[in-house]
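Structural description and commentary
These are the residues of each chain, in order.
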Amino acid sequence: MPDKIKAETSAEARETRAIREIRINPIVPSESVLVATARNMRPRKAEEPAPRDTRKHVETCPFCRGNEDQTPPEIDVYPKEKGVDWQIRIVENLYPVLGDDRSQPGFNYGLQQAIDGYGRHEVIIDNPQHGIAIHEMDVEHIANLFQVYQLRMQELYQLDERLKYVLVFKNFGPAAGASMAHTHSQIIATPVVPQNVFDEVQNSRQYFERHHQCIFCSLIDEALTFEAKIYDRSSGEVVRKIDVGQYVVERGEKFIAIKPFASRYEWEIHILPLQHSSDFMTTSKADLDDFARVLQRTMARLDAVIGGAQYNFFLHSIPQGEEFQNCGQSYHWHLEVCPRTSIPNGFELGSGLFVNTISPELAAEQLRAVQL
Ligand code: AMP
Ligand code: ZN
Ligand code: ZN
């Protein structure tokens, strides 16, 4: 039996029972997940993702130091002082998915409708070191990187009121769709609020109207304090104990990393501020330092458990604009980290139901158990 499968099987054996259940995402119920841990026992070829590039410097890489002339002009750089080597560079995307060239105006044709692809697409070269992973960067560098995200978001929102949302995201490794091996993140400013963010904002607003509480804050409270017992109706025996604290992966002074109960991806983790805050852009530098520490430690845990994590992360923060002004108390900004360990199959694409083959409780336990 290959080692990987053996390890999964023995971990599985520690579960009191295999889980097969549809878990409803409390914020966006339509994004529910089928947790089916017995699936993990199925025979299959070891799914080894294409390895990621861990080299420090690559002569031919346009994002490596010394090749600055191979990217479009720099938008910003950190640190700004002249004569100092850059640590983070922001450039226009050479192949933007959205732009402002106005060459393709929107149109309606029968039932077909198109909005023109107005927007911005920028690349942030996260670090001069080509293949460095987040957990290998120092905390100060990570905090600076997130401060750079804040500055770019502020500038893009101010640039043009047609830009309705500024999404910061990162693709790391070929399994996560990254075409460039050099560590980078991206910013895409869109003329519409993406549906995922819109649903979260609207649904949490509705929850607030009913319960006078932010649903994200309630989920954090549950994660920190709640313990639930499920009893057998006839015998009164405890059939299942849910210690919700088991979802906490990492905790800082100001931030918490949580394994969602309805995780779409086996190793998905969300990082949220412990104190309510809707807008990532207003996070202070001191708080970003704590955030960076929590992120770095979380990524180190992931790396220790799954080895060379390839993942996407994205920031969800309150959209700007008048129509969202009354959502400040109900929305809670967060970073979603989604490691990519399998390719979505026909059932997942056809049903919209993600299948997760590792119990989120067990995954969180393994992540927490890592000695850092
Ligand atoms: P990914 O989407 O993760 O593959 O990110 C790589 C991004 O870098 C893509 O969106 C490319 O369009 C962009 N890109 C590729 N080469 C260059 C370059 N020389 N300068 C600026 N952007 C680039
Ligand atoms: Zn490089
Ligand atoms: Zn909140």
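A quick note: this is a predicted structure, and the numbers were derived from the prediction, not measured.

1. Considerations on the coordination of the zinc ion (ligand 3)
- Those donors, Cys214 (SG), Cys217 (SG), His276 (ND1) and His332 (ND1), are the protein atoms that reach the zinc ion (ligand 3), and they lie 2.1 to 2.4 Å from it.
- Taken together, the four donor atoms coordinating the zinc ion (ligand 3) span angles of 105 to 114 degrees at the metal, a pattern that classifies the geometry as tetrahedral.
- Here the donor residues for the zinc ion (ligand 3) map to a single chain with the spacing C-x2-C-x58-H-x55-H. Neither Cys214 nor Cys217 differs from the other in exposure class; each is buried.

2. Regarding the coordination of the zinc ion (ligand 2)
- Around the zinc ion (ligand 2), the protein contributes the donor atoms Cys61 (SG), Cys64 (SG), His130 (ND1) and His182 (ND1), at 2.0 to 2.3 Å from the metal centre.
- Angles of 106 to 117 degrees at the metal separate the four donor atoms of the zinc ion (ligand 2), which places the site in the tetrahedral class.

3. Observations regarding the sheet that holds strand β1 (residues 20-23)
- Spatially, three strands are ordered β1-β2-β17 in an open sheet, and the strand pairing comes out mixed. Each edge of the open sheet is held by one strand with a lone partner, namely β1 and β17 (354-356). Taken over all neighbouring pairs, the strand axes of this sheet differ in orientation by 25 degrees on average, direction set aside.
- Two strands pair when backbone bridges link them, and β1 and strand β2 (residues 33-36) are joined in this way by four bridges, in the antiparallel orientation. Of the residues in β2, the one forming a bridge with Ile22 is Leu34.

4. Regarding the site of ligand 1
- Close contacts around ligand 1 come from 18 residues, with Gln70, Asn93, Ser179, His184 and Gln186 the closest.
- Separating an oxygen atom of ligand 1 from a side-chain N or O atom of Gln186 is a distance of 2.9 Å.
- Against a free-state accessible area of 490 Å², the protein chains account for coverage of 89% of ligand 1.
- When residues of the shell around ligand 1 are traced back to their parent elements, those giving at least two are β7 (120-125) and β9 (184-190).
- Taken together, the residues of the shell around ligand 1 break down into eight nonpolar, nine polar and one charged.

About the thresholds
- Residues numbered from 1 in each chain as written.
- Chains lettered and ligands numbered in written order.
- Predicted model: local features only at pLDDT ≥ 70, side-chain atom pairs only at ≥ 80, totals over all residues.
- Heavy atoms only, no water.
- Donors = N, O, S within 2.8 Å, 3.2 Å for Na, K, Ca; no water.
- Tetrahedral: all angles 85-135°; square planar, octahedral: opposite > 155°, others 65-115°.
- Buried < 20%, exposed > 50% of the residue type's maximum accessible area, 1.4 Å probe, protein only.
- Pairing = 2+ DSSP bridges.
- Helix = DSSP H or I, 4+ residues; strand = E, 2+ residues; numbered from the N terminus.
- Axes fitted to C-alpha atoms, helices over the stretch in contact; angles between N-to-C directions.
- Near = heavy atom within 4 Å.
- Polar contact = N/O pair within 3.5 Å; in protein donor to acceptor, adjacent residues only side chain to side chain.
- Areas by Shrake-Rupley, 256 points an atom, 1.4 Å probe, with all protein chains shown as cover.
- Nonpolar A, V, L, I, M, F, W, Y, C, P; charged D, E, K, R; others polar.

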